[in-house]
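Close look at the chain arrangement
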Amino acid sequence: MQDLLCGLQSPIVMDIKMGIRTYLESEVCKPGEQPKYRNDLYQKMTKVDPHAATEEERERKSITKARYMQFREEMSSSATLGFRIDGQKLEMGFPMRDFKHVREQPDVENRFLQFLNGNHLLWSNCLQKLTQFRDICTKSDFLKCHEVG
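Residues numbered from 1 in each chain as written. Predicted model: local features only at pLDDT ≥ 70, side-chain atom pairs only at ≥ 80, totals over all residues. Heavy atoms only, no water.

**Comments concerning the nonpolar core**
Applied cut-off: The definition of a nonpolar core used throughout is a set of buried Ala, Val, Leu, Ile, Met, Phe, Trp, Tyr and Cys residues joined through side-chain atoms within 4.5 Å. Here the term buried applies to any residue with accessible area under 20% of the maximum for its type, exposed to any over 50%, and partly exposed to those in between, with areas from a 1.4 Å probe on protein chains only. Runs of H or I in DSSP of at least four residues are treated as helices and runs of E of at least two as strands, each being numbered from the N terminus. Working rule for contacts: check all heavy atoms of both residues, and any pair within 4.5 Å makes them a contact.
Of all hydrophobic cores here, the largest spans 15 residues; its most connected members are Phe83, Ile85, Val108, Phe112 and Trp123. Those elements that provide at least two residues to this core are β2 (83–89), α7 (105–115) and α8 (120–139). Residues within four places of Phe83 in sequence aside, it is in contact with Ile16, Lys17, Met18, Gly19, Ser77, Ser78, Val108, Phe112, Leu127 and Leu130. Within the second largest apolar cluster, 13 residues are counted, among which are Tyr23, Val28, Ala53 and Met69.

**Let's talk about the environment of Met69**
Its location among the elements puts Met69 in helix α5 (residues 65–75). Residues Met69 and Leu116, 47 residues apart in the sequence, show an inter-C-alpha distance of 29 Å. The contact partners of Met69, leaving out residues within four places of it in the chain, are Tyr23 and Val28.

**Quick word on the pattern of salt bridges**
Going by this rule: In the sections that follow, a salt bridge refers to a side-chain nitrogen of Lys or Arg positioned within 4 Å of a carboxyl oxygen of Asp or Glu.
Summed over the entire model, instances satisfying the criterion amount to ten salt bridges. Of the charged contacts, one joins Asp40 and Arg38 as a salt bridge, the two residues approaching to 2.7 Å between their closest N and O atoms. Asp40 sits in the partly exposed class, given a relative accessible area of 40%. A relative accessible area of 31% places Arg38 in the partly exposed class. When salt bridges with common partners are traced through the structure, they connect Asp15, Lys17, Arg72, Glu73, Arg84 and Asp86 into a single cluster.

**Here we look at the packing of aromatic side chains**
Stated precisely, the cut-off is as follows: Aromatic rings from Phe, Tyr and Trp, with only the six-membered ring used for Trp, were paired whenever their centres fell within 6.5 Å, and each pair was classed as stacked if the ring planes differed by under 30 degrees, edge-to-face if by over 60, and tilted otherwise.
By the definition in use, this model includes two aromatic pairs. Ring geometry for Tyr68 versus Phe71: centroids 6.4 Å apart, planes at 40°, classification tilted. Residue Tyr68 and its partner Phe71 are both found in helix α5; the two are separated by three residues, about one turn of the helix. Both residues of the pair, Tyr68 and Phe71, belong to the buried class. With a centroid separation of 4.9 Å and 45° between ring planes, the pair formed by Phe112 and Trp123 is classed as tilted. You can see Phe112 sitting in helix α7 and its partner Trp123 sitting in helix α8, a full eleven residues away along the chain. Judged on exposure class, the residue Phe112 and its partner Trp123 are both buried.

**Comments concerning α5**
Among all positions of α5, only Arg67, Tyr68, Met69, Phe71, Glu73 and Met75 are buried. Summarising the contacts, the buried residues of α5 are in contact with α2 (25–28), α3 (39–48), α4 (55–60), α6 (78–81) and β2.

**A few points about the packing of α3 against α5**
Rules: Geometry is summarised by axes, namely lines fitted to C-alpha atoms with helices restricted to the contacting stretch, and by angles between N-to-C directions that run from 0 to 180 degrees. For classification, angles of less than 35 degrees are called roughly parallel, those exceeding 145 degrees roughly antiparallel, those between 65 and 115 degrees roughly perpendicular, and all remaining angles oblique. The handedness criterion is simple: a crossing whose near helix is rotated anticlockwise from the far helix by less than a right angle is left-handed, and one whose near helix is rotated clockwise is right-handed. In the scheme used here, Gly and all other residues not listed as nonpolar or charged are polar, with Ala, Val, Leu, Ile, Met, Phe, Trp, Tyr, Cys and Pro taken as nonpolar and Asp, Glu, Lys and Arg as charged.
Two elements in contact, α3 and α5, have axes whose closest approach is 10 Å; the angle formed by their N-to-C orientations is 20°. Judged by the angle between their axes, α3 and α5 are roughly parallel. Relative to α5, α3 is oriented so that their crossing is left-handed. Residues Leu41, Lys44, Met45 and Val48 of α3 pack against Lys65, Arg67, Tyr68, Phe71 and Met75 of α5. The residue inventory of the contact of α3 with α5, partitioned by class, reads six nonpolar, no polar and three charged.

**So, the side chain of Glu57**
What counts, and what does not: Each polar contact in these results corresponds to two N or O atoms within 3.5 Å; when the atoms are within protein, one needs to be able to donate a hydrogen and the other to accept it, and residues that are neighboring in sequence are counted only if both atoms are side-chain atoms.
With respect to the element layout, Glu57 can be found in helix α4. Residue classification places Glu57 among the buried positions, given a relative accessible area of 8%. Of the polar contacts made by the side chain of Glu57, one reaches the side chain of Arg67; its length is 2.7 Å. With residues up to four places along the chain from it excluded, the contact list for Glu57 reads Tyr42, Met45, Ala52, Ser62, Ile63 and Arg67.

Written out as structure tokens, the structure is:
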């Protein structure tokens, strides 16, 4: 997002990740390699939700990147709405990136309304377009058998 904002004066942007899964398989495990168990991702996950780890993960004190990415999707609105807010920058503000617990539609709506200066009509239009886009992607034969990066 830094490259996108380079040279702009006081940009106002919202970064939205589309899809119920917003990562590529190649990001979590290279072909032919065994998944690696990582303590840093276990720490990140348990910091967000201390009860998220399974008994086996607690004993190992590590998880794979795939497991962490699945956890992240489940904690966000990706799983419930088919998109999530990943970041935003309001006028004269600092970039905000802590949207881990923005999962349910009322939480997403509140963040959008903050971004849209309380414009409910614009929020309705955004939600309608995002929902239409999700529905089109869900029906796409191409997307059923391809990853898009």
